[in-house]
Amino acid sequence: MTTPLLAIEGITKAYPGVVANSDVSFDIGKGEIHALLGENGAGKSTLVKAIYGLVRPDAGHMRWRGKTFIPAAPHEARAAGVAMVFQHFSLFDALDVAENVALGMDNPPPLRRLAAQIRKVSNDYGLPLDPGQLVGDLSAGQRQRVEIVRCLLQDPHLLIMDEPTSVLTPQEVETLFRTLRQLRSEGRSILYISHKLEEIRTLCDKATVLRLGKVVGRCDPREKTARELAEMMVGTKLHQPERPPHSPGDVLLEVKGLNLRSPSAFGTSLKDVAIKVHAGEILGIGGVAGNGQDELLAALSGELRAPAGAVCVRGETIGHMGPNARRALGLLCAPEERLGHAAAPEMSLTENALLTGAWRQKLVSRGFVNWTKARGFAEAVIKRFDVRTPGAHIVARALSGGNLQKFVIGREILQRPEVLVVNQPTWGVDAAAAAAIRQALMDLAQGGAAVVVISQDLDELLEISDSFAALNAGRLTAKRPVRGLTLEQIGLMLGGADEDSDAAA
Amino acid sequence: MLRLEKRPQPSTFWNWATPVLAVGLTMIAGGILFAALGKDPFAAIKMIFWDPLFNPQFAAYSRPQLLVKAGPLILIAVGLAIGFRAGIWNIGAEGQYIIGALCGAAVALAFFPSPGWYIFPLMVLAGAFGGWAWAMIPAILKTRFNTNEILVSLLLVYVAEKILAAMATGRMRNPDGAGFPGSRNIAQYPAAANPELIAGSGMHWGVVAAFIAVIFGYIMLHKHILGFQVQLAGQAPRAARFAGVAPARLVVLCLGFSGALAGLAGLFEVAGPARMISIDFNVGYGFTAIIVAFLGRLHPVGILLAGLLMALTYIGGELAQFMLGLPSASIQVFQGMLLFFLLALDVLSNYRIRRSRSEVA
């Protein structure tokens with residue numbers, strides 16, 4: 001092969017207490033889609049920031065087309081031809097598309113000329129955009145297009161994409177992949193960061209696997225199974241969640257005709273939502289973020305009140321009840337946001353165990369807290385769910401995302417719920433912890449509980465759920481058995497189409 | 001370059017070391033201030049912190065004053081601290097203090113001059129009720145109309161001051177007082193008086209109430225589920241709702257509790273050390289208690305110590321005013337600096353200072 005576009009040689013970067021990158025080397029060739037794989041904390045972000053000029057490595061160097069390349073700031077990286085689409089968009093809702101694009105450019109042309117360029121580039125790459133539209137009115141997928149088009153206008157040689165599909169529907173993912181393949185055919189290179197292994201297998205030509213800051217593997221992802229990739233990433237044999245065959249029992253959770261205004265101006269109101277979940281059943285609820293997931297969880301947890309009859313647990317009407325009354329009846333929830341919602345960041349794990357366990361675990365008697373018992377409960381959660389922490393006295397924010405998530409889910413599961421509702425149970429959690437959480441959810445259902453999993457991760461839902469429904473703009477489709485469901489049907493459900501409304505359970 | 005780095009775990013050491021350090025820095029800065037006023041800074045600092053307690057010339061008068069001044073400060077600060085922990089900012093304790101005193105005094109004056117064991121207990125109830133009712137105004141406005149309790153409670157202080165002046169010169173004026181403003185001397189009305197319980201100690205029922213409040217506050221904050229909910233609501237409101245805490249209930253509870261304690265402080269003051277309702281009855285205990293609450297780390301035991309320290313600066317300040325001719329405003333500046341340094345140093349309990357090379361990030 002000729003000189004690579006970008007050669008990374010021995011990059012090392014240490015932060016106080018952690019070595020983020022240690023002697024990382026790999027090449028990105030011209031016209032190549034290169035996957036960077038690794039768990040959270042493996043050092044992917046630090047490496048990418050070094051390439052984009054946001055972080056200066058302690059040792060090692062990079063060569064751009066054979067020449068030394070040490071960008072001191074992002075504009076130097078951009079000048080060389082590196083562009084980056086971040087996982088979190090940096091767009092202003094109140095400005096239109098063209099204005100947003102102009103803000104991200106080093107030397108923007110006049111807006112009218114820019115608008116014409118946006119229209120041309122976005123059409124050329126199959127990502128149509130109206131430059132005059134307000135960004136606040138765009139969907140997540142369209143916002144991502146704005147970011148991508150902004151990068152493409154700089155005519156980059158290397159495009160870095162950080163977890164680009166986490167906010168997209170399957171159809172949008174297809175569109176994005178077509179665009180990326182088109183870019184490759186033009187001889188541009190793409191550094192693609194993801195933990196979604198199936199995507200990497202269909203899209204990428206090469207993969208570099210990072211673990212704890214070191215390169216632990218290089219491969220052609222098309223020749224590996226997703227499982228092999230995951231095991232390279234984790235470094236151990238990965239436990240595959242599994243569950244013996246089972247048949248559903250009585251209806252434990254029933255929601256009918258649930259209409260709920262969102263308390264937030266940017267929230268999504270729920271419209272005529274109906275759910276029926278049986279004992280032993282896992283219902284997966286898919287949908288792109290912001291389609292009413294938070295509101296649905298709040299309506300089930302009791303943070304938002306509904307008419308009494310809209311929510312029933314084992315036939316008892318509970319829509320009007322607050323969170324603790326629902327907990328007493330066996331309906332437990334784990335919200336998406338770990339810090340600040342499911343757990344108080346500045347409080348110890350013992351205190352956080354008390355947060356939802358107070359009544360059901362009898363940690364409180366006649367109003368007084370039994371701290372010894374609360375610590376015991378926290379320690380039981382830590383032990384049973386393998387939460388890595390020095391002890392129950394540690395504050396929640398000191399835990400890594402995956403460990404805290406294990407604690408939050410474990411806290412509910414250990415209270416033996418009859419109905420458990422979780423939102424994004426494995427979001428931002430490493431593969432091993434995610435597998436553990438999924439297995440725990442399946443075990444819980446096996447034990448006769450009804451489980452509702454709200455998630456944006458379709459692979460996860462298809463892996464663990466018995467039935468599937470989708471949230472779209474606050475409406476929930478009828479649920480369908482997961483067995484026999486095609487990706488296309490799921491895409492239609494996510495888009496809000498609901499052609500057969502009689503749900504088979 | 002110096003840089004702040006967030007600690008993985010808040011430092012317990014700095015949490016308690018910062019008040020001590022803040023007192024030290026206040027002494028230094030205060031000393032510079034006194035020197036600039038042309039006074040001997042060492043003499044002034046000694047006069048404020050040492051002489052009231054240990055100088056044989058002043059101690060006989062000053063020592064009892066310590067409890068007299070600390071009592072209301074502690075009583076009010078304990079109530080405020082519970083609200084502050086929940087993120088409910090009652091800045092108007094001074095107003096609740098005045099209304100509590102007025103309600104208590106009203107009971108005493110209504111019964112004057114009949115004897116009866118029940119009069120003082122009734123006054124206590126009336127005082128607590130007055131403070132509670134005055135605090136309910138910001139509470140209800142906040143829960144109903146989402147007004148800001150900081151502004152409402154603060155502005156109600158000025159309303160309360162006007163009512164106080166109107167009462168002292170009107171309805172409550174002493175009919176035998178030759179037309180001078182001010183009520184009858186309640187401290188000289190045996191059934192209503194709040195006397196010194198142990199001669200020469202300064203101890204009166206208000207100080208007893210303050211100690212009870214400290215114990216009660218400690219148990220509530222650290223042993224009771226309500227205290228947990230209060231702290232949860234202050235630190236993570238969304239998690240509090242998830243845990244089933246109703247925010248409106250908490251607002252009513254915290255404002256009501258701190259109002260009632262401030263009202264009690266007012267009642268004990270008017271029936272004891274202040275002796276009567278007068279135009280200048282309130283001397284700023286309600287505001288100083290805010291400093292006491294923070295200086296004591298919003299912890300009841302810390303507040304007990306902080307209240308005593310703050311009382312000392314009051315007494316020592318007066319002494320320095322007399323003996324050294326320091327302007328009275330300088331002692332207020334001194335107290336203000338204490339809060340200023342404390343809040344500034346607070347950053348150390350959550351952050352550590354590191355030296356670092358500059359880095360683009």
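Analysis parameters
- Residues numbered from 1 in each chain as written.
- Chains lettered and ligands numbered in written order.
- Predicted model: local features only at pLDDT ≥ 70, side-chain atom pairs only at ≥ 80, totals over all residues.
- Helix = DSSP H or I, 4+ residues; strand = E, 2+ residues; numbered from the N terminus.
- Rg over C-alpha atoms; globule rule 2.2 N^0.38 Å.
- Buried ≥ 20, exposed ≤ 12 C-beta atoms within 10 Å, placed from the backbone.
- Contact = placed C-beta atoms within 7 Å.
- Nonpolar A, V, L, I, M, F, W, Y, C, P; charged D, E, K, R; others polar.
- Pairing = 2+ DSSP bridges.
- Core = buried A, V, L, I, M, F, W, Y, C linked by C-beta atoms within 7 Å.
- Axes fitted to C-alpha atoms, helices over the stretch in contact; angles between N-to-C directions.
- Arc of directions from axis to C-beta.

A.B. asks: How should I be thinking about the overall build of chain A in this particular structure?
C.D. replies: On a plain count of helices and strands, chain A comes out with 16 helices and 23 strands. Computed over C-alpha atoms, the radius of gyration of chain A comes to 24 Å, within 12% of the 23 Å expected from 2.2 N^0.38 for 505 residues, which places it in the range of a compact globule. With respect to the principal axes defined by its C-alpha atoms, chain A has extents near 70 × 50 × 40 Å. In chain A, buried positions account for 48% of the 505 residues. Excluding contacts between residues fewer than 6 apart, the proportion of contacts in chain A whose partners are at least 24 apart in sequence is 67%.

A.B. asks: Explain the interface of chain B and chain A here, please?
C.D. replies: Frequently, the measure chosen for interface size is the accessible area removed from exposure when the parts meet. Between chain B and chain A, the contact holds 20 residues from the first and 31 residues from the second. Secondary-structure elements contributing two or more residues to the side of chain B that touches chain A are α9 (225–235) and α10 (237–242) of chain B. Residue contributions to the side of chain B that touches chain A peak at five residues, all from α9(B). Residue composition of the side of chain B that touches chain A, by class: 12 nonpolar, four polar and four charged.

A.B. asks: In this structure, what is going on with the pairing of strand β21 (residues 467–472) of chain A? I would like to understand it.
C.D. replies: Remark: a regular strand shows side chains that alternate across the two faces of the sheet. All names here are of chain A. Taking burial as the measure, the six residues of β21 include six buried ones, the bulk of the element. Here strand β13 (residues 282–286) pairs with β21 via four bridges, running parallel. Residue Gly-286 lies in a different strand from β21, and its bridge partner there is Ala-470. Pairing geometry for β21 and strand β23 (residues 480–481), over two bridges, is antiparallel. Considered in β23, the bridge of Ser-467 is made with Pro-481. Relative to strand β22 (residues 475–476), β21 runs antiparallel, the two sharing two bridges. Counterpart to Asn-472 in the pairing with β22 is Arg-475. Counted along the chain from β21 to the antiparallel partner β22, the turn is two residues long, and its residue Ala-473 has a positive phi close to 50 degrees.

A.B. asks: Looking at this structure, how should I read the nonpolar core?
C.D. replies: Note on soluble globular proteins: their nonpolar side chains tend to be buried together. With 270 residues, the main nonpolar core has B:Ile76, B:Ala77 and B:Ala293 as its most contacted residues. Ignoring anything within four residues of it in the chain, the contact list for B:Ala77 reads B:Ala289, B:Val292, B:Ala293, B:Gly296, B:Ile303 and B:Gly307.

A.B. asks: What is the right way to read the environment of B:Glu5 from this model?
C.D. replies: Residues and elements named next belong to chain B. Mapping Glu-5 onto the fold places it in strand β1 (residues 2–6). Judged by the 11 C-beta atoms lying within 10 Å of it, Glu-5 falls in the exposed class. Considered as a pair, Glu-5 and Arg-352 are 347 residues apart in the sequence and their alpha carbons are 5.3 Å apart.

A.B. asks: What is the right way to look at unusual backbone geometry in this model?
C.D. replies: Negative phi values dominate among residues other than glycine, just as trans dominates among peptide bonds. Looking along the chain, the bond that leaves B:Phe112 and enters B:Pro113 is cis, with omega of 0 degrees. Considering the arrangement of structural elements, one finds B:Pro113 in the loop between α5 (93–111) and α6 (119–145). Even without being glycine, A:Arg314 reaches a positive phi, approximately 50 degrees. Relative to the assigned elements, A:Arg314 resides in the loop between β14 (311–313) and β15 (316–317). In this structure, B:Leu298 takes a positive phi of about 55 degrees despite not being glycine. Take B:Leu298: it is sitting in the loop between α12 (285–295) and α13 (300–324). With 21 C-beta atoms packed within 10 Å, B:Leu298 lands in the buried category.

A.B. asks: Which parts of the structure should I look at to understand the sheet that holds strand β5 (residues 67–68) of chain A?
C.D. replies: Think of a sheet as strands paired side by side through backbone hydrogen bonds, with each pair either parallel or antiparallel. Residue and element names in this part refer to chain A. Strand order in this open sheet of four strands is β2-β1-β4-β5, and the pairing throughout is antiparallel. Each edge of the sheet is formed by a strand with only one pairing partner; in this case those strands are β2 (18–28) and β5. In terms of strand pairing, strand β1 (residues 6–15) meets β2 through seven bridges, oriented antiparallel. Across the sheet, Ala-14 pairs through a bridge with Val-19, a residue of β2.

A.B. asks: Please clarify how the pairing of strand β4 (residues 59–64) of chain A should be interpreted in this entry.
C.D. replies: All names here are of chain A. In terms of strand pairing, β1 meets β4 through five bridges, oriented antiparallel. Of the residues in β4, the one forming a bridge with Thr-12 is Ala-59. Of the pairings in the sheet, the one linking β4 to β5 comprises two bridges and is antiparallel in character. Bridging across to β5, Trp-64 finds its partner in Lys-67. Here β4 folds back onto β5, and the loop between the two strands holds two residues, one of which, Arg-65, carries a positive phi near 55 degrees.

A.B. asks: What exactly am I supposed to notice about the sheet that holds strand β10 (residues 214–219) of chain A here?
C.D. replies: Residue and element names in this part refer to chain A. In space, the six strands of this open sheet follow the order β6-β7-β8-β3-β9-β10, with mixed pairing throughout. Looking at which strands have only one partner, the edges of the open sheet turn out to be β6 (82–85) and β10. Strand-to-strand twist across the sheet, computed as the mean angle between neighbouring axes with direction ignored, equals 20 degrees. Here four bridges tie β6 to strand β7 (residues 158–162), and the two strands are oriented parallel to one another. Across the sheet, Val-82 pairs through a bridge with Leu-158, a residue of β7. Strands β3 (33–37), β9 (206–211) and β10 of the sheet are contacted by helix α8 (residues 226–234), whose axis makes an angle of about 35 degrees with β9.

A.B. asks: What am I meant to see in helix α16 (residues 487–494) of chain A here?
C.D. replies: Residues and elements named next belong to chain A. Looking only at α16, the buried set comprises Ile-490, Met-493 and Leu-494. All buried residues of α16 project into a common sector of 100 degrees when viewed along the axis, lining one side. Where the residues of α16 are buried, they touch α6 (170–185), β13, α15 (458–464) and β21.

A.B. asks: Got a minute to help me understand α12(B) in this structure?
C.D. replies: Helical geometry: 3.6 residues make up each α-helical turn, so side chains three or four residues apart lie on a common side. Residue and element names in this part refer to chain B. Within α12, 10 of the 11 residues are buried, leaving the element largely enclosed by the surrounding structure. Tucked inside the fold, the buried residues of α12 contact α1 (12–36), α4 (59–85), α5, α11 (247–271), α13 and α14 (328–345). Just past α12, the residue Arg-297 takes up positive phi, approximately 60 degrees.

All quantities given are derived from atomic positions and should not be read as evidence of function.
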